[in-house]
Amino acid sequence: MVVSPYSTHFRPSEEHQPVWAVGAERQSPDGSMFGGSFFSNSFGQPSVYVYMGQRYTGLWRQSKLFWQWSAGLMYGYKGQYEDKVPLNTNGFSPGALLSLGWQFNRDMSAQINTLGDAGLMFQLSYDLR
């Protein structure tokens, strides 16, 4: 289970609204993953991201530090905001995230996700077993 209560933009705009996300992710012992999230995009539109990716642990010899990538399909940037994400067609566009995180214990982690060149999303995760 993942939740993102806060995001920040590199270039804030009067049009921007608070961004939040909730989601679920399945990780395999080999680090591969897939998941989906429901979020309110920067313009207040309900949006969805479904993805697959990979987590790499032990970054810089720190067993709790990890990085991961995900890539998938996003839906939600529509109307006057279609051009805010690349390759958008009728609200559908490719999506990708790079993340840096810390695994507090077996079940909890926190990470920072890059939102392309738009900003950063702060995320908390709790593994349901």
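Residues numbered from 1 in each chain as written. Predicted model: local features only at pLDDT ≥ 70, side-chain atom pairs only at ≥ 80, totals over all residues. Heavy atoms only, no water.

(A) Fine view of the overall build of the protein chain. Helix and strand counts for the protein chain stand at zero helices and eight strands. Listing every helix and strand of the protein chain by position from the N terminus yields β-β-β-β-β-β-β-β. Its C-alpha atoms give the protein chain a radius of gyration of 15 Å, near enough to 14 Å, the size a compact globule of 129 residues would have. In terms of overall dimensions, the protein chain has a C-alpha envelope of 45 × 25 × 25 Å along the principal axes. Scored against the burial criterion, the 129 residues of the protein chain give a buried share of 38%. Of all intrachain contacts in the protein chain linking residues separated by at least 6 positions in sequence, the fraction that spans at least 24 positions is 41%. Total accessible area computed for the protein chain in this model is approximately 8000 Å², and 63% of it derives from carbon and sulfur atoms. With 9 positive and 9 negative side-chain charges, the protein chain shows a separation of 11 Å between the mean positions of the two kinds. (Helix = DSSP H or I, 4+ residues; strand = E, 2+ residues; numbered from the N terminus. Rg over C-alpha atoms; globule rule 2.2 N^0.38 Å. Buried < 20%, exposed > 50% of the residue type's maximum accessible area, 1.4 Å probe, protein only. Contact = heavy atoms within 4.5 Å. Areas by Shrake-Rupley, 256 points an atom, 1.4 Å probe, with all protein chains shown as cover. Lys, Arg positive; Asp, Glu negative; His and termini not counted. Charge placed at Lys NZ, Arg CZ, Asp CG, Glu CD.)

(B) Structural context of the nonpolar core. Grouped together as the largest cluster of nonpolar side chains are 12 residues: Val-19, Ala-21, Phe-39, Phe-43, Tyr-49, Tyr-51, Met-74, Tyr-77, Tyr-81, Val-85, Leu-97 and Met-121. When residues no more than four places from it in sequence are discounted, the contact partners of Val-19 are Ser-4, Pro-5, Tyr-6, Ser-7, His-9, Ser-40, Asn-41, Ser-42 and Met-121. (Core = buried A, V, L, I, M, F, W, Y, C linked by side-chain atoms within 4.5 Å.)

(C) Main features of the environment of Arg-11. As for its position among the elements, Arg-11 is in the loop between strand 1 (2-9) and strand 2 (20-27). For the pair Arg-11 and Ala-118, spaced 107 residues apart in sequence, the C-alpha separation works out to 7.1 Å. Polar contacts involving the side chain of Arg-11 include one to the main-chain carbonyl oxygen of Asp-117, which spans 3.2 Å. (Polar contact = N/O pair within 3.5 Å; in protein donor to acceptor, adjacent residues only side chain to side chain.)

(D) Region of the structure containing the pattern of salt bridges. The final tally for this structure, using the stated rule, is one salt bridge. A salt bridge links Arg-11 to Asp-117; its shortest N-O distance comes to 3.7 Å. Taken together, the residues Arg-11 in the loop between strand 1 and strand 2 and Asp-117 in the loop between strand 7 (108-115) and strand 8 (119-126) connect sequence positions 106 residues apart. Assigned by exposure class, Arg-11 and Asp-117 land together as exposed. (Salt bridge = Lys/Arg side-chain N within 4 Å of Asp/Glu carboxyl O.)

(E) Up close: a nonpolar patch on the surface. A cluster of nonpolar side chains, contributed by Val-3, Trp-20, Val-22, Phe-38, Val-48, Val-50, Leu-73, Phe-92 and Leu-124, occupies part of the molecular surface with about 750 Å² of accessible area. Taken together, the elements giving at least two residues each to the nonpolar patch come down to strand 2 and strand 4 (46-57). Mapped onto the elements, Val-22 comes out in strand 2. Among the residues examined, Val-22 registers a relative accessible area of 39% and is labelled partly exposed. (Patch = residues over 30% accessible without salt bridge, like charges linked within 9 Å, V, L, I, M, F, W, Y side chains within 5 Å.)

(F) Just the packing of aromatic side chains, in detail. Going through the model one piece at a time under the given rule, you end up with seven aromatic pairs. When the ring of Phe-43 is compared with that of Tyr-77, the centres are 6.5 Å apart and the planes differ by 80°; the resulting orientation is edge-to-face. Of this pair, Phe-43 sits in the loop between strand 3 (32-40) and strand 4 while Tyr-77 sits in the loop between strand 5 (65-75) and strand 6 (92-103); the two residues are 34 residues apart in sequence, bridging distant segments of the chain. For the residue pair Phe-43 and Tyr-77, the accessibility class agrees, reading buried in each case. Pairing Tyr-56 with Trp-67 gives two aromatic rings, centres 4.7 Å apart and planes at 20°, and the pair type is stacked. Linking Tyr-56 in strand 4 with Trp-67 in strand 5, this pair joins segments that are 11 residues apart in sequence. Judged by relative accessible area, which is 32%, Trp-67 ranks as partly exposed. Three or more aromatic residues joined by ring pairs make a cluster, and in this case those are Phe-43, Tyr-77 and Tyr-81. Cation over ring: Arg-55 sits above Phe-66, and NZ or CZ is 3.7 Å from the ring centre. (Phe/Tyr/Trp six-rings, centres within 6.5 Å; stacked < 30°, edge-to-face > 60°. Lys NZ or Arg CZ within 6 Å of the ring centre and 35° of its normal.)

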